[in-house]
Amino acid sequence: MRASKASADELLNVFPMSAGAGGSTTAGASEVHREMALPEESRPFHLADSAFWRYVLLLVSSFTLSGCAGMVDMVRDVSRSLADIDVSGVTDLFGPGEVQMSPEQIAQLEVIPSTRPGWEAGVEESPATVFLPVFGDGAVYAGGPDGRLVRFDAASGKASGVIDTKHPLAGGIGAGDGMLLVGTFKGEVLAFDEKSGKPKWTANLSTEVLSPPHAGMGVVVVRTGDGRIYGLDSESGKRKWVYQGATPSLTVRSFAGALIADDRVYAGFAGGRLVALNISNGSLVWEAMVSRPRGATELERISDVTSLPVLDEQQVCAVAYQGRIACFDITAGNQIWARDVSSNAGLAMDDNYVYVSENRGGIVAYDKRDGTSVWAQDLLNGLRLSAPLAHGARIVVGDSQGYVNFIRKDNGAIIARSGTDESAITARPISLPNGIAVQTRKGGVFAFGA
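Residues numbered from 1 in each chain as written. Predicted model: local features only at pLDDT ≥ 70, side-chain atom pairs only at ≥ 80, totals over all residues. Heavy atoms only, no water.

Draft legend 1. Representation of the side chain of Q439 within the structure. Along the chain, Q439 turns up in strand β34 (residues 435–439). Of note is the side chain of Q439, whose polar atom sits 3.0 Å from the backbone oxygen of G143. Setting aside its immediate chain neighbours within four residues, Q439 contacts V123, F131, L132, P133, A142, G143, I425, G444 and V445. (Helix = DSSP H or I, 4+ residues; strand = E, 2+ residues; numbered from the N terminus. Polar contact = N/O pair within 3.5 Å; in protein donor to acceptor, adjacent residues only side chain to side chain. Contact = heavy atoms within 4.5 Å.)

Next up, the structure:
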C-alpha cells in the first residue's frame, strides 16, 4: 500500500499531542568550535537572495576568527539563528561538489533493477543536520528541525500522531526505556512517553545535542557538541554523571552519539579513540586507539571516529576518518585486528563480516575474525554514502543522490537501486519488521520491503 505524502501541518489535525512548556522558535547561535565540515549535498546559491550580504559578513568574520580550516562549519554554527539563510549554500562554495562518475559507472548503475517504496511520507527538511528515524511499538517516528515528531504506521505509512515539541531540533530521534528522545541546539534534551506522546522531562546540558540520545538500564546517554557524554536518570532527567576526554585542536563535526550495550556505553572520539564506560556511573572501563593521527599538518592529522561503533558478544569495532578500522576485545579493549581505511559514514556487523562505507564511495566487507578483505564494491565510487545496515541477506546503504542500494552480503553485488526524492540519504537506514526505512535531507521518509 502506498500512502500519500502529507505535511506536518496537515498531520497536526490527525492526533495532536501537547508538549508542555513552549520554547523559542529560533535557536540561538552556538559557541564557535574549530571543526571541519565534511562535504554535503550541493544546493544552489543565489546572488540575488536578500541574505547574500549576510553570507559575506559571516565569511569575513569566520576567516578572522578561525582560519580556512574551520571556516565552513563555523559559518553553519554562527548562522543557525538566522532562519532565512540557507547555510549549505555557503558550505558548497568552499567544499568540493558532487564527484563526477564515469560514463561506464552510470551505464552500469542504470541497468540495476529498481523497486518502488511500499510507502512514503514526509517531515520538515533538514539541510544542515542529520535526522535519523526510529522504529518502536509498531511505528516509525520521524522528525525535523521544526520540532515536530510524526508517528507513522510501519506497515502502511499512515500518520497516526504528532508531538509538537515547540523547540527547534538539532537531531534525532532516539529511544529507549519507553521514551522518545530528542536534542536541541541550545543543549536541551526532551523526553516524551513513547505511547502517549506526553512530555516527561527536559534536561539542560552544556551545548548543542546533534546526535540522538538513547536510553537503557535506567540511564539516558547523551552526547553534546563539545565532546562530552552525559548519563541522565531516565525517570527524572537529572544528571548522574558526565565524561569528557581530550579533544584535538581541529576536529570533524560528528553526528554520532554513543552505543549502549548491556552495562556499557561505547563511543568514538576525535583523535581516533574508542572508549568503554560503565553506564551506571560513567567511569572509564577501557580506552583504545582505533587510529593514531599522522601527517605534517593539522588537516592531515585529523583521524576522528565520527560514527557509532558496532559489536557482538566478543568484540567491538570502530572506524576513523583518514585512519583505519579496528576491532577490540569487548572485555579489556585489547586489539584483535586493524586495517587501513577511511570512513566518516560508519560500519555494520553481522555474524560473519564487518561492512564499511568508505569516504570515496566504496563498500568493503572484512572477515570479522581476522580482518581479511572478503569483497569490495566500487560501483558507487564518487558518491557519499550513509552508514550501512545489515538486513537479512543484504546490506542496505543510502547515497548522496537519494538512492537506496541493496547489496548482497556474500559477494557485494548490487541487486537493486531504488530512488527516493533525489536528496541525500545521510543517516543509516533502519530495520522494520518487513523491510527498511530511510529519511532524506528533504524530509522524505520512504519504506521498502524486505
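Still to come is the rest of the account.
Draft legend 2. A look at the pattern of salt bridges. Under the definition given, this model contains 11 salt bridges. Of the charged contacts, one joins D226 and R228 as a salt bridge, the two residues approaching to 3.5 Å between their closest N and O atoms. Between D350 and K409 there is a salt bridge; the shortest N-O distance is 3.2 Å. Highlighted residues: D350 in the loop between β25 (346–349) and β26 (353–357) and K409 in the loop between β31 (403–408) and β32 (414–419), separated in sequence by 59 residues. K409 matches D350 in its accessibility class, with the two residues each being buried. Here the residues in one salt-bridge network are E358, R360 and D378, joined through shared partners. (Salt bridge = Lys/Arg side-chain N within 4 Å of Asp/Glu carboxyl O. Buried < 20%, exposed > 50% of the residue type's maximum accessible area, 1.4 Å probe, protein only.)

Draft legend 3. Expanded view of the confidence of the model for the chain. For the chain, mean pLDDT is 82; residues scoring 70 or higher make up 77% of the total. The low-confidence segment residues 1–33, where pLDDT is below 50, has 82 contacts with residues more than four positions distant or belonging to other chains. (pLDDT = per-residue confidence, 0-100.)

Draft legend 4. Geometry of the environment of K200. Secondary-structure assignment places K200 in strand β11 (residues 199–204). Spatially, the C-alpha atoms of K200 and S234 are 9.4 Å apart, while their sequence positions differ by 34 residues. Those residues in contact with K200 that lie beyond four places of it in its chain are M179, A191, F192, D193, S234 and E235.

Draft legend 5. Local environment of the pairing of strand β27 (residues 363–367). Of all five residues in β27, five are buried; the element is thus mostly enclosed. Alternating residues of β27 divide into I363, A365 and D367 and V364 and Y366, and every residue in both groups is buried. The pairing of β26 with β27 spans five bridges and is antiparallel. Along β27, the bridge assignment pairs V356 with V364. From the end of β26 to the start of β27, which pair antiparallel, there are five residues, and G361 there has a positive phi angle of about 110 degrees. (Pairing = 2+ DSSP bridges.)

Draft legend 6. Region of interest: the sheet that holds strand β30 (residues 394–398). Taken in spatial order, the four strands line up as β29-β30-β31-β32 in an open sheet, and their pairing is antiparallel. Looking at which strands have only one partner, the edges of the open sheet turn out to be β29 (389–391) and β32. Strand-to-strand twist across the sheet, computed as the mean angle between neighbouring axes with direction ignored, equals 25 degrees. One ladder, built from five bridges, connects β30 with β31; its direction is antiparallel. Paired with V397 across the strands is N405, a residue of β31. (Axes fitted to C-alpha atoms, helices over the stretch in contact; angles between N-to-C directions.)

Draft legend 7. Broad picture of the sheet that holds strand β12 (residues 214–216). Strand order in the open sheet formed by four strands is β12-β13-β14-β15, with antiparallel pairing between adjacent strands. Looking at the sheet topology across the chains shown, the edges are occupied by β12 and β15 (239–244). Averaged over neighbouring strand pairs, the angle between their axes works out to 20 degrees when direction is ignored. Summarising the sheet, β12 and strand β13 (residues 219–223) pair through three bridges and their orientation is antiparallel. Each residue of the ladder has a partner; that of G216, found in β13, is V219.

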